[in-house]
Amino acid sequence: MDATLTAHAHETTDHTHHASFLRTYIFSTDHKMIAKQFMVTALLFLFIGGAFALFIRWQLAYPGKPIPVIGTLLPSTWVSPEGAVTADFYAQLLTMHGSVMIFAVIIPLLVGMIGNFCVPLMIGADDMAFPTINMISFWMFPVAGALMMAGFWVEGGSAAAGWTGYPPLSALASTGQTLWIVALFIVGFSSILGALNYITTVLNMRAPGMGLFQMPMTVWAIFITAIIIIIGTPVLASALAMLFMDNFLHTSFFLPANLVAPGKDLARTAGGGQPLLWQHLFWFYSHPAVYIMILPGMGVVSDVLAVFSRKPLFGYKAMVFAIIAIAFLGIIVWGHHMFQSGMNPLLGTTFMISTMVIAVPSAIKTFNWLGTMWRGQMEFTTPMLNAVAFVSMFVIGGLSGIFMASTPVDVYIHDTYFIVGHIHYVLFGGSLFAVFAGLTYWWPKMTGRMMHEGLGKLHFWITFVSFNFTFFPMHILGVGGMMRRIYDPTVYDFLKPFQPMNEFITVNAIILGFAQFILVAALIHSLVKGRAARRNPWRANTLEWEAPSPPPHGNFDKPLRVYRGPYEYSSPESVQDYLPQTLPPDEVTRRMAEHLAREKQSGSENG
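Cut-offs and rules
- Residues numbered from 1 in each chain as written.
- Predicted model: local features only at pLDDT ≥ 70, side-chain atom pairs only at ≥ 80, totals over all residues.
- Heavy atoms only, no water.
- Helix = DSSP H or I, 4+ residues; strand = E, 2+ residues; numbered from the N terminus.
- Areas by Shrake-Rupley, 256 points an atom, 1.4 Å probe, with all protein chains shown as cover.
- Lys, Arg positive; Asp, Glu negative; His and termini not counted.
- Charge placed at Lys NZ, Arg CZ, Asp CG, Glu CD.
- Bend = angle between axes of the 7 residues up to and from the residue.
- Buried < 20%, exposed > 50% of the residue type's maximum accessible area, 1.4 Å probe, protein only.
- Axes fitted to C-alpha atoms, helices over the stretch in contact; angles between N-to-C directions.
- Parallel < 35°, antiparallel > 145°, perpendicular 65-115°, else oblique.
- Left-handed = near helix turned anticlockwise from the far one by under 90°.
- Contact = heavy atoms within 4.5 Å.
- Nonpolar A, V, L, I, M, F, W, Y, C, P; charged D, E, K, R; others polar.
- Phe/Tyr/Trp six-rings, centres within 6.5 Å; stacked < 30°, edge-to-face > 60°.
- Patch = residues over 30% accessible without salt bridge, like charges linked within 9 Å, V, L, I, M, F, W, Y side chains within 5 Å.
- Salt bridge = Lys/Arg side-chain N within 4 Å of Asp/Glu carboxyl O.
- Core = buried A, V, L, I, M, F, W, Y, C linked by side-chain atoms within 4.5 Å.
- Expected span 1.5 Å × (residues − 1).

Comments concerning the overall build of the protein
Part 1 of the reasoning: Along the protein, the regular secondary structure elements total 18 helices and zero strands.
Part 2 of the reasoning: Summarising its shape, the C-alpha atoms of the protein cover approximately 95 × 55 × 55 Å along the three principal directions.
Part 3 of the reasoning: Accessible area of the protein: about 24,400 Å², with a carbon and sulfur share of 69%.
Part 4 of the reasoning: Averaging the coordinates of the 31 positive side-chain charges in the protein and doing the same for the 30 negative ones gives two points 6 Å apart.

This is the structure in structure tokens:
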């Protein structure tokens with residue numbers, strides 16, 4: 001392994017590197033280009049998944065009414081002749097919105113984009129440990145995404161069993177459901193390849209002098225996330241393989257005996273399987289997947305808050321151990337998604353208690369973020385605003401999660417819009433605000449151009465306000481009993497009084513969706529007219545800011561050695577209010593001596 005890594009280092013630190021267009025921009029093995037490929041592809045899927053959400057919201061606010069402007073232009077299998085969403089298409093939209101947002105947007109943005117761009121740069125490496133595997137890991141992602149989208153154009157339509165894919169519905173489904181299974185299998189394989197690369201890179205390619213407890217929180221978070229992926233994803237892959245066999249080989253891993261399904265020939269199906277087996281296997285991956293989608297965001301936000309508070313990160317080691325604790329607990333609490341399954345009350349109680357214990361490390365992180373900001377010299381840049389939004393939205397999402405951890409409460413609110421509100425506070429308010437914070441923070445290093453602060457703040461404020469107006473009322477709908485996958489709420493008398501609230505949510509969801517075009521405008525404006533970024537525009541300590549902006553092939557133009565941790569801000573040892581990890585101690589002492597001498601001379605002249 002060492003020989004491989006050393007050879008790779010010699011190869012890639014050649015700054016006169018030249019490659020063809022295909023090798024530079026398409027089949028690149030450079031981690032920075034792969035990060036950009038993840039970013040562009042995932043942002044494209046963000047708009048696709050967002051459009052699905054707006055179709056869903058339109059149907060809920062105005063059931064049976066044509067979709068404005070484009071309703072009559074959509075395929076006849078999706079909408080009625082008047083242009084309204086059909087019930088079949090609505091089920092497909094629900095399934096694909098969740099699947100796309102989780103597997104093609106949030107995980108690729110946080111793990112693929114930020115992990116690829118930041119990990120090698122923040123540990124002082126020239127690239128990932130296995131660049132070719134890294135390239136393969138990326139290209140499996142758009143292939144899987146295309147397969148998933150292809151379901152809309154096959155007979156029977158796309159997957160419609162929900163993003164959780166519960167059998168027996170998913171085991172007796174259409175070609176679109178099969179494409180969904182294959183796509184998720186490929187995405188999972190891509191994640192495993194990426195995770196192996198992150199773990200190997202972090203353990204073997206850190207700059208001289210950098211111990212594990214001198215790594216930035218972003219690197220720690222990606223490292224722990226990669227371990228979760230390695231543990232959980234093979235289980236989901238196994239479950240998907242069994243589901244595939246139930247579909248094609250008439251096995252019965254998940255199909256019970258004596259199952260009757262209208263329009264389905266089950267004569268060759270043995271039966272005797274357990275639908276609950278799927279739930280166990282699915283949630284063994286998918287509950288930790290929540291932390292795959294939030295832990296990298298916690299790392300990003302920790303770095304951004306320290307930089308723009310101009311203070312050391314409060315309780316650095318406690319933050320690291322909190323991430324490890326959250327990851328461990330996240331793996332063992334999958335059963336709290338199955339309180340309705342009739343499990344033994346004693347078993348349910350253990351899942352309930354262990355789930356509630358997650359509040360402890362989560363609270364440690366929250367208080368440490370507040371401690372970092374407390375009495376800091378806060379600079380409310382666009383990355384900082386998004387990071388603070390992450391903290392506040394994570395608190396709301398975390399508190400609402402405690403309700404669902406409690407078995408008696410969960411029995412009441414299960415499968416209601418309370419769940420929809422909660423998951424969006426965690427995965428949009430948490431994960432996506434962290435993505436926005438990370439994207440705007442590292443954009444100058446990524447492109448060599450500064451982003452327009454006005455456009456960035458405009459995007460933040462519209463997104464922040466419309467997000468809360470969209471998702472907070474959903475908690476009220478859920479407590480009122482509105483079902484999470486309902487097609488037309490107006491058919492139930494007890495839900496009719498909530499219809500104005502549904503319309504209010506939809507209007508704000510439309511604003512929220514279209515506000516994301518401001519982010520695209522800010523990115524394009526930066527590339528075309530943005531002012532050139534200095535090497536370290538945010539006056540940060542971590543290693544990526546030692547590289548030119550943007551970093552060349554091989555990343556760094558000088559050798560690096562790490563002398564201290566990443567959060568030495570406002571240090572009394574330093575003349576400036578930051579102390580880069582690579583600045584030698586004797587140089588720090590020399591600069592301070594010169595500074596004191598100048599002050600003494602200035603005092604003598606004034607006296």
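This is not the end of the story, as more comes after the structure.
Examining helix 15 (residues 417-447)
Part 1 of the reasoning: Along helix 15, the largest kink reaches about 40 degrees and is centred on Tyr441; proline Pro444 follows within four residues of it.
Part 2 of the reasoning: When you tally the buried positions in helix 15, you get 30 out of 31 residues, the bulk of the element.
Part 3 of the reasoning: Residue Gly448 follows helix 15 closely and has a positive phi angle near 80 degrees.

Quick look at the packing of helix 8 (residues 275-292) against helix 10 (residues 316-332)
Part 1 of the reasoning: Put simply, helix 8 and helix 10 touch, their axes get as near as 8 Å, and they point 155 degrees apart. The angle between helix 8 and helix 10 falls in the class roughly antiparallel. Handedness of the helix 8/helix 10 crossing: right-handed. Contacts between helix 8 and helix 10 pair Phe284, His287, Pro288 and Tyr291 from the former with Ile326, Gly330 and Ile331 from the latter.
Part 2 of the reasoning: For the contact of helix 8 with helix 10, the per-class residue count stands at five nonpolar, two polar and no charged.

With respect to the packing of aromatic side chains
Part 1 of the reasoning: Tallying each qualifying case throughout the model produces 54 aromatic pairs.
Part 2 of the reasoning: With 4.9 Å between their ring centres and 65 degrees between their planes, Tyr425 and Phe467 make a pair best called edge-to-face. In this pair, Tyr425 sits in helix 15 while Phe467 sits in helix 16 (residues 453-479), placing the two residues 42 residues apart along the sequence.
Part 3 of the reasoning: A relative accessible area of 0% places Tyr425 in the buried class.
Part 4 of the reasoning: Its relative accessible area of 0% is what places Phe467 among the buried residues.

Section: a nonpolar patch on the surface
Part 1 of the reasoning: Together, Phe21, Leu22, Tyr25, Phe27 and Trp139 give the surface a local cluster of nonpolar side chains, amounting to about 530 Å² of exposed area.
Part 2 of the reasoning: In terms of residues, the nonpolar patch owes the most to one element, helix 2 (residues 21-26), which gives three residues.
Part 3 of the reasoning: Topologically, Trp139 is positioned in helix 5 (residues 131-150).

What about unusual backbone geometry?
With the exception of glycine, most residues fall at negative phi, and the peptide bonds are largely trans.
Part 1 of the reasoning: Look at the link from Pro167 to Pro168: it is a cis peptide, with omega at 10 degrees.
Part 2 of the reasoning: Tracing the chain through its elements places Pro168 in the loop between helix 5 and helix 6 (175-204).
Part 3 of the reasoning: Going from Ser549 to Pro550, the amide bond is cis rather than trans, its omega being -5 degrees.
Part 4 of the reasoning: Inspection of the secondary structure assignment puts Pro550 in the loop between helix 17 (499-529) and helix 18 (585-606).
Part 5 of the reasoning: Here the phi dihedral of His250 falls at roughly 60 degrees; this positive angle occurs in a residue that is not glycine.
Part 6 of the reasoning: Of note, His250 is situated in the loop between helix 7 (217-248) and helix 8.
Part 7 of the reasoning: Of note, the phi angle at Arg310 is positive, near 55 degrees, even though the residue is not glycine.

Remarks on the side chain of Thr41
Part 1 of the reasoning: With respect to the helices and strands, Thr41 occurs in helix 3 (residues 31-61).
Part 2 of the reasoning: In this structure, Thr41 is in contact with Phe138, Phe141 and Pro142, ignoring residues within four places of it in sequence.

Digging into the nonpolar core
Part 1 of the reasoning: Leu295, Trp369, Phe390, Tyr441 and Trp442 are the most contacted members of the largest nonpolar core, which totals 182 residues.
Part 2 of the reasoning: Here this core takes 23 residues from helix 4 (residues 87-122), the largest share from any one element.
Part 3 of the reasoning: If sequence neighbours within four positions are ignored, Trp369 has contacts with Met298, Val301, Ser302, Leu305, Met319, Phe390, Val391 and Phe394.

Points about helix 10
Part 1 of the reasoning: When the terminal C-alpha atoms of helix 10 are compared, their 25 Å separation across 17 residues agrees well with the 24 Å that a helix rising 1.5 Å per residue should span.
Part 2 of the reasoning: Those residues of helix 10 lying buried are Tyr316, Met319, Val320, Ala322, Ile323, Ile326, Ala327, Leu329, Gly330 and Ile331.
Part 3 of the reasoning: Of the surrounding elements, those touching the buried residues of helix 10 are helix 7, helix 8, helix 9 (295-309), helix 11 (345-357) and helix 12 (359-373).

Some points on the pattern of salt bridges
Pairs can form between side chains of opposite charge whenever their charged atoms are close.
Part 1 of the reasoning: As enumerated under the stated definition, the model contains 12 salt bridges in all.
Part 2 of the reasoning: Close ionic contact of Arg310 with Asp577 constitutes a salt bridge, the shortest N to O distance being 3.0 Å. A residue pair is termed long-range when its members are at least 10 positions apart, and Arg310 in the loop between helix 9 and helix 10 and Asp577 in the loop between helix 17 and helix 18 qualify at 267 residues.
Part 3 of the reasoning: A salt bridge links Glu587 to Arg591; the nearest nitrogen and oxygen atoms lie 3.0 Å apart. With Glu587 and Arg591 both in helix 18 and four residues apart, the pair spans about one turn of that helix.
Part 4 of the reasoning: Bridged by salt links that share partners, the residues Arg310, Glu379, Arg539 and Asp577 form one connected network.

Some remarks on the packing of helix 7 against helix 10
Part 1 of the reasoning: Viewed as axis vectors pointing N to C, helix 7 and helix 10 meet at an angle of 15 degrees, and their least axial separation amounts to 10 Å. As far as their axial angle goes, helix 10 and helix 7 are roughly parallel. In the crossing of helix 7 with helix 10, the sense of the turn from one axis to the other is right-handed. For the pair formed by helix 7 and helix 10, the contact residues are Met217, Trp220, Ala221, Ile224, Ile228 and Ile231 on the first element and Tyr316, Met319, Val320, Ile323, Ile324, Ala327 and Ile331 on the second.
Part 2 of the reasoning: Within the contact of helix 7 with helix 10, the residues separate by chemical class into 13 nonpolar, no polar and no charged.

A few points about the environment of Ala171
Part 1 of the reasoning: For Ala171, the position within the fold is in the loop between helix 5 and helix 6.
Part 2 of the reasoning: The buried category is assigned to Ala171, whose relative accessible area is 3%.
Part 3 of the reasoning: Considered as a pair, Ala171 and Leu458 are 287 residues apart in the sequence and their alpha carbons are 46 Å apart.
Part 4 of the reasoning: Every residue in contact with Ala171, bar those within four places of it in the chain, is listed here: Leu243, Asp246, Asn247 and Leu255.

Topic: the side chain of Gln499
Part 1 of the reasoning: Summarising the element assignment, Gln499 is placed in helix 17.
Part 2 of the reasoning: Using a relative accessible area of 9% as the deciding quantity, one classes Gln499 as buried.
Part 3 of the reasoning: Setting aside its immediate chain neighbours within four residues, Gln499 contacts Leu60, Ala61, Tyr62, Pro63, Pro489 and Thr490.

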